Amino acid sequence: MSMDMRRQYHQDDYLHPMADINAQGSHDWRHLCEQVAASVDALSACFVFFHAHEPTPSVVAGSTWPLLPRWSPADYQAVWQQKKFYCAIAGPGSSLDESYLAVPILHEALNGLLLLKYPASPPALLPRQRQLLDTMAAHGALLWREHTRQLRTHKREGSSRRFLNRLKALFEHVPIPINAFNAQGRCILWNNECERLFGWSFTEIREHPAPISLFYPDPAEQQQVMATLSTHNNSVFREWRPTNRAGKKLTTLWANIMLPNGDMLSVGHDVSEQKEIANQQRLAASVFGASYDGIMITDPDHRIIHINPAFTRITGYSSAEVLGRTPKVLQYFHFDDDFYNQLHQHFKTENHWQGELSSLRKNGESYSLLLAISVVKDDEGRVLNHVAIFSDISYLKDHEAELEHRACHDALTGVPNRVLFGELLEHAIASAQRNYGRLAVCYLDLDGFKAINDGLGHAAGDRLLIEISRRLGKVTRSCDAMCRLGGDEFALLFTELHNSLECDEILERVQSVVNEPLELDGHSVRISASIGVALYPQDSLDAELLLRYADQAMYQAKKQGKNAYVFFDAALHLQEQNRLQQLTRLINAFRQGEFLLYYQPTTDLFTQQVVGMEALLRWNDPEHGIVTPEGFLPVIVGSHMEFELGMWVIEQVLAQMTQWSQQGLVFKVSFNVSGGQLLHPDFSKELNRLLALYPQALPSLLALEFQENAVLTDIKAAVAVLERCRSLGICVSMDNFGTGYSSLSHLKRLPLDSIKIDRSFVCNLLSNTHDACMIEVVVQLAATLRMVVVVEGMERFEQGERLKELGCYYVQGYGISRPMPAEQVGSWLQEWNDKYLPH
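Residues numbered from 1 in each chain as written. Predicted model: local features only at pLDDT ≥ 70, side-chain atom pairs only at ≥ 80, totals over all residues. Heavy atoms only, no water.

Novice: I tried to follow the overall build of the chain on my own but got confused; where do I start?
Specialist: Each helix and strand in the chain was counted, giving 28 helices and 32 strands. Taking 28 Å as the expected radius of gyration for a compact globule of 839 residues, we find that the chain reaches 61 Å, considerably beyond that expectation. Overall, the chain is about 195 × 95 × 55 Å in size when its C-alpha atoms are taken along their principal axes. For the chain, the proportion of its 839 residues judged to be buried stands at 45%. Summing over all exposed atoms, the chain offers an accessible surface of approximately 44,400 Å²; the carbon and sulfur share of this is 53%. Treating the 75 positive side-chain charges of the chain as one cloud and the 98 negative ones as another, the clouds have centres 10 Å apart. (Helix = DSSP H or I, 4+ residues; strand = E, 2+ residues; numbered from the N terminus. Rg over C-alpha atoms; globule rule 2.2 N^0.38 Å. Buried < 20%, exposed > 50% of the residue type's maximum accessible area, 1.4 Å probe, protein only. Areas by Shrake-Rupley, 256 points an atom, 1.4 Å probe, with all protein chains shown as cover. Lys, Arg positive; Asp, Glu negative; His and termini not counted. Charge placed at Lys NZ, Arg CZ, Asp CG, Glu CD.)

Next comes the structure, spelled out in structure tokens:
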């Protein structure tokens, strides 16, 4: 090795820091050294920097700095310690060659020298030159400090990258998520567990400009995370809730480790499942404590180990009183040891049992509970616990019993209703079949109840029903039954009868207790009963039929004058069956359009002018032809068809009046209403609807006719309905006057515009002076009451003349015209007017 090479080798021993300066840095130092040397006419220059903990200084020299003589670290230290600055000093190894000059470097904590080499002894420095060298020295210090900072950063980055590279293989496969991000938030490490947990690959995360936004879509959360990444003291695990690729929120723990180069290594742990388990445990504990149902947990030996507050509230037993004891302490008093043995056998094959029990509270009060028991087993099938959950259902049981009582008992009187009576009757029939017994089923309807209810009020009527129920209850024996069917109707069941005489005696007692006087609101009232009786087994073996037959017999008692009892008659029943068959036939005929209206004119005897038409219902029977009302109305009256058919008649009249009005035919048209139609609750509403439907049919040209006996059942209600009709402009007329009651009080009370004298007074008018007198009296009475009189049944001219003598103006009968279809009215009117009216 040559001497120059050895010199270079030894020089590099302490000039080694230059090797860590990059190419750009070496150029800066050479340029600075050359600039310093040129500024003071020196040959070359170098910078020397001392280190507090290293004996060897760092020397940075220009390209022309002499290699010989060789400066040692001690030589530099000697110059610094001797403080020979800004003057000529000798180089190493020769005291005679004073061709060097030293300038001190004092910059903050950095000490050093600026050495200059001159061709000979350095000249004395001018102040300007000295100031320039101090500036150059300070500039060198700053350049060195920047160099050392870059050197440390370069070393840290290299160390961090080497650290990550060495651990990357290990991090890739560990079962916990590990990642790393640089100071700019870009991902530089993303292991397999991170990919599995979050769903994004390392390539996707690395290339994403802001990967944190993938896990934390909320900007506020993003700021928190970025702030954490920039914090050095953050190695403690902290909970975060990032979102994975599927949008699911995860619960994770992360500890961040700041690497020397500023990168952040993050080590995590997915605790989502543990968090969910903990939440479920907290929820279970909360439910256990807050549950309104009692909960009891036992060990495999059925010893109670835990109860909740609801257990104590329901049973009255505290934890101290039941822990360690068996559930027998709850006193399921309806069950003995066999019950527990059965449960034990049940749980050998089943894991759940549920049922209703009755138990005793600690204070001895009984209560009902719904109990469910479940078995908890381990993975090997061994019993760990029994969990019993029970609810106090006493209120539900009481409410259920109340509902059952309400369903089977009358709300007003508290006696059995139709449902319970039907069950009792079925049981009684079954018993009678076994014992060959006899039964009597009675259908009882109170006579005159409606009058009391309307006169004294519903409250008084209710008290009457309650009292009658109490009295009937006294008559019945323990083996009998009684119920309120509804309204003022009751049913009675008498069992263990030996003969019909015994039944008569019972019924007479029933009538006797019903007839007893009763005080209601200061009024002493009496009431009677109409009773129908059906016997088992004579009349029927069926419970429903027996009650129906008793009902039919009750109506016969009503017809016979009330306050009586009537036994079911099979012959009358057969008549009723025939009536029902006829009613069915008539309903079908109505649906098929077989009913129609005929019209019969009413004329003025003095002017011969036609003043009106009466609409008369007819049935066009395909077998028998035209049938008058006497052939079908008795069957319809009292049925649900009565109202429907009556309103159909009114609608047909209004439609026909509209048609006649369009033809220029204007006259009053009357129609008949039955009692069931007139007193129907929907009559007024339906009448208003029909009048609105046919506005051309003026109400002032309508006349409503009814018979006196149709309103006798409820005069008050009838008066109200007729008043409403008159308020609409409809004329009100009483038909067939002279038959039935023909009560003067009814003439006074009922709102009437006219009366029609029955045809029976006209038949013998010419030969019977009594009939003539009756007609004359009625005409005079009507005149006094300002009512119009129409006489029906005029068939002969002579009758008309006699009626004129008696003061009758208006007549109707075959002597004028028979009833005719509507389409014939126009031509008949033309013929009549041509014959009798002057042109």
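Past the structure itself, the notes keep going.
Novice: Would you mind showing me how to read the sheet that holds strand S9 (residues 252-258) here?
Specialist: Paired through backbone hydrogen bonds, the strands of a sheet run either parallel or antiparallel to each other. Strand order in this open sheet of 5 strands is S7-S6-S10-S9-S8, and the pairing throughout is antiparallel. Looking along the sheet, the strands with just one partner apiece sit at the ends: strand S7 (187-190) and strand S8 (238-240). On average, each strand axis in the sheet is inclined to that of its neighbour by 30 degrees, with strand direction left out of account. With 7 bridges connecting them, S9 and strand S10 (residues 264-270) associate as antiparallel partners. (Pairing = 2+ DSSP bridges. Axes fitted to C-alpha atoms, helices over the stretch in contact; angles between N-to-C directions.)

Novice: Looking at this structure, how should I read the pairing of strand S24 (residues 610-621)?
Specialist: Both faces of the sheet carry side chains from a regular strand, because those side chains alternate between them. Along S24, 10 of the 12 residues are buried, which leaves the element largely enclosed by surrounding structure. Here strand S23 (residues 595-604) pairs with S24 via 9 bridges, running antiparallel. The residue bridging Leu596 from the neighbouring strand is Arg618, located in S24. Two successive antiparallel strands, S23 and S24, enclose a turn made up of 5 residues, where Gln608 displays a positive phi of approximately 65 degrees. Strand direction decides the pairing type here: S24 and strand S26 (residues 668-672), joined by 3 bridges, are parallel. In the sheet register, Met613 faces S26, and the bridge partner there is Val669. Two successive antiparallel strands, S24 and strand S25 (residues 625-627), enclose a turn made up of 3 residues.

Novice: I tried to follow the pairing of S7 on my own but got confused; where do I start?
Specialist: Sheet topology places strand S6 (residues 178-181) next to S7; 3 bridges connect them, and they run antiparallel. The residue bridging Asn179 from the neighbouring strand is Trp190, located in S7. Remark: 5 residues form the turn of the hairpin made by S6 and S7, two consecutive strands paired antiparallel; Gly185 in that turn has positive phi of roughly 85 degrees.

Novice: What exactly am I supposed to notice about the nonpolar core here?
Specialist: Counting 81 residues, the largest nonpolar core has Phe595, Tyr599, Val653, Phe683, Phe706 and Ile755 as the members making the most contacts within it. Among the elements that make up this core, the one with the highest residue count is helix H21 (residues 641-662) (10 residues). Ranked by size, the runner-up nonpolar core spans 41 residues in total, among them Ala45, Val60, Trp71 and Met136. (Core = buried A, V, L, I, M, F, W, Y, C linked by side-chain atoms within 4.5 Å.)

Novice: Which parts of the structure should I look at to understand the sheet that holds strand S12 (residues 304-307)?
Specialist: Strand order in the open sheet formed by 5 strands is S12-S11-S15-S14-S13, and the pairing between neighbours is antiparallel. Where the open sheet ends on each side, the last strands, each with one partner, are S12 and strand S13 (352-360). Taking the axes of each pair of neighbouring strands and ignoring which way they run, one obtains an average angle of 25 degrees across the sheet. Sheet analysis places strand S11 (residues 294-298) next to strand S15 (residues 383-392), joined by 5 bridges and oriented antiparallel. Its bridge partner lying in S15, Ile295 is registered against Ile389.

Novice: Is there a simple way to explain the pattern of salt bridges in this structure?
Specialist: Pairing is possible between side chains that carry opposite charge, provided their charged atoms lie close to one another. In total, this model carries 33 salt bridges according to the counting rule given. In this structure, Glu356 and Lys397 form a salt bridge, with 2.5 Å as the shortest nitrogen-oxygen distance. Of this pair, Glu356 sits in strand S13 while Lys397 sits in helix H13 (residues 394-408), and the two are 41 residues apart along the sequence. By relative accessible area, Glu356 is classed as partly exposed at 47%. A residue is classified by how much of its surface remains accessible, and Lys397, at 26% relative accessible area, is partly exposed. Between Asp682 and Lys685 there is a salt bridge whose closest N-O contact spans 3.9 Å. Judged by its relative accessible area of 30%, Asp682 falls in the partly exposed class. (Salt bridge = Lys/Arg side-chain N within 4 Å of Asp/Glu carboxyl O.)

Novice: Where do I start with the environment of Gly646 in this structure?
Specialist: Mapped onto the fold, Gly646 is located in helix H21. The buried category is assigned to Gly646, whose relative accessible area is 8%. Along the primary structure Gly646 and Asn672 are separated by 26 residues, whereas in three dimensions their C-alpha atoms are 8.1 Å apart.

Novice: Which parts of the structure should I look at to understand helix H14 (residues 418-435)?
Specialist: Each full turn of the α-helix corresponds to 3.6 residues, which orients residues three or four apart in the same direction. For H14, which comprises 18 residues, the first-to-last C-alpha distance of 25 Å matches the rise-based estimate of 26 Å (1.5 Å per residue) to within 8%. Buried within H14 we find Leu420, Phe421, Leu425, Ala428, Ile429 and Ala432. Where the residues of H14 are buried, they touch H13, strand S16 (439-447), strand S17 (481-486), strand S18 (489-494), strand S21 (528-536) and helix H18 (543-559). Of the residues that open H14, the one with a side-chain oxygen 3.2 Å from the backbone nitrogen of Val419 is Asn417. In the stretch just after H14, Tyr436 is the one whose phi turns positive, near 55 degrees. (Expected span 1.5 Å × (residues − 1). Contact = heavy atoms within 4.5 Å. Polar contact = N/O pair within 3.5 Å; in protein donor to acceptor, adjacent residues only side chain to side chain.)

Novice: Which parts of the structure should I look at to understand the packing of H21 against helix H23 (residues 683-693)?
Specialist: In helix packing, the relevant descriptors are the interaxial angle and the interaxial distance, both defined with respect to the helix axes. Orientation of H21 relative to H23, taken along the N-to-C sense of each, is 25 degrees, at an axis distance of 10 Å. If you check the angle between H21 and H23, you find them roughly parallel. With respect to the hand of their crossing, H21 and H23 are arranged in right-handed fashion. Contacts from Phe643, Met647, Ile650, Glu651 and Leu654 in H21 reach Phe683, Glu686, Leu687, Leu690, Leu691 and Leu693 in H23. Residues that form the contact of H21 with H23 fall into these classes: 9 nonpolar, no polar and 2 charged. (Parallel < 35°, antiparallel > 145°, perpendicular 65-115°, else oblique. Left-handed = near helix turned anticlockwise from the far one by under 90°. Nonpolar A, V, L, I, M, F, W, Y, C, P; charged D, E, K, R; others polar.)

Novice: Can you help me understand the confidence of the model for the chain in this one?
Specialist: Close inspection of predicted coordinates is inappropriate for parts of the model with low pLDDT. Across the chain, pLDDT averages 86, with 92% of residues at or above 70. A low-confidence stretch, residues 1-24 (pLDDT under 50), is modelled with 28 contacts involving residues beyond four sequence positions or located in other chains. (pLDDT = per-residue confidence, 0-100.)

Novice: What exactly am I supposed to notice about the packing of helix H19 (residues 570-591) against H21 here?
Specialist: The geometry of H19 relative to H21 is characterised by a closest axis approach of 12 Å and an angle of 30 degrees between their N-to-C directions. The orientation of H19 with respect to H21, classified from their angle, is roughly parallel. Here H19 runs over H21; the crossing is left-handed. Across the interface between the two elements, Leu583, Leu586, Ile587, Phe590 and Arg591 of H19 pack against Met641, Glu644, Leu645 and Trp648 of H21. Of the residues in the contact of H19 with H21, the class split is 7 nonpolar, no polar and 2 charged.

Novice: Looking at this structure, I do not really get the packing of aromatic side chains. What am I missing?
Specialist: How two aromatic rings sit relative to each other is given by the distance of their centres and the angle of their planes. The tally for this structure, following the rule as stated, stands at 29 aromatic pairs. Within the aromatic cluster, the residues linked to one another by ring pairs are Trp190, Phe198, Trp200, Phe215 and Trp254. Stacked on the ring of Phe606, the Lys or Arg Lys804 has its end atom at 5.3 Å from the ring centre. Over the aromatic face of Tyr814 sits the side chain of Arg818, whose NZ or CZ is 4.1 Å from the ring centroid. (Phe/Tyr/Trp six-rings, centres within 6.5 Å; stacked < 30°, edge-to-face > 60°. Lys NZ or Arg CZ within 6 Å of the ring centre and 35° of its normal.)

Novice: Looking at this structure, how should I read the state of the cysteines?
Specialist: Two cysteines joined by a covalent bond between their sulfur atoms form a disulfide. Under the criterion given, the structure shown has 0 disulfides. Sulfur of Cys503: no disulfide; nearest cysteine sulfur belongs to Cys442 and is 5.5 Å away. Residue classification places Cys503 among the buried residues on the basis of a relative accessible area of 2%. (Disulfide = S-S within 2.5 Å.)

Novice: What is the right way to look at unusual backbone geometry in this model?
Specialist: Trans is the common state for peptide bonds, and a negative phi is the common state for residues other than glycine. Cis peptide bonds are those with omega within 30 degrees of zero, and the linkage from Tyr536 to Pro537 qualifies with 5 degrees. As for its placement among the helices and strands, Pro537 is situated in the loop between S21 and H18. Located in the positive-phi region is Lys562, a residue other than glycine, with phi close to 70 degrees. Within the fold, Lys562 resides in the loop between H18 and strand S22 (565-567). Owing to a relative accessible area of 42%, Lys562 belongs among the partly exposed residues under this scheme. One non-glycine residue, Gln608, lies in positive phi territory at about 65 degrees. Topologically, Gln608 is positioned in the loop between S23 and S24.

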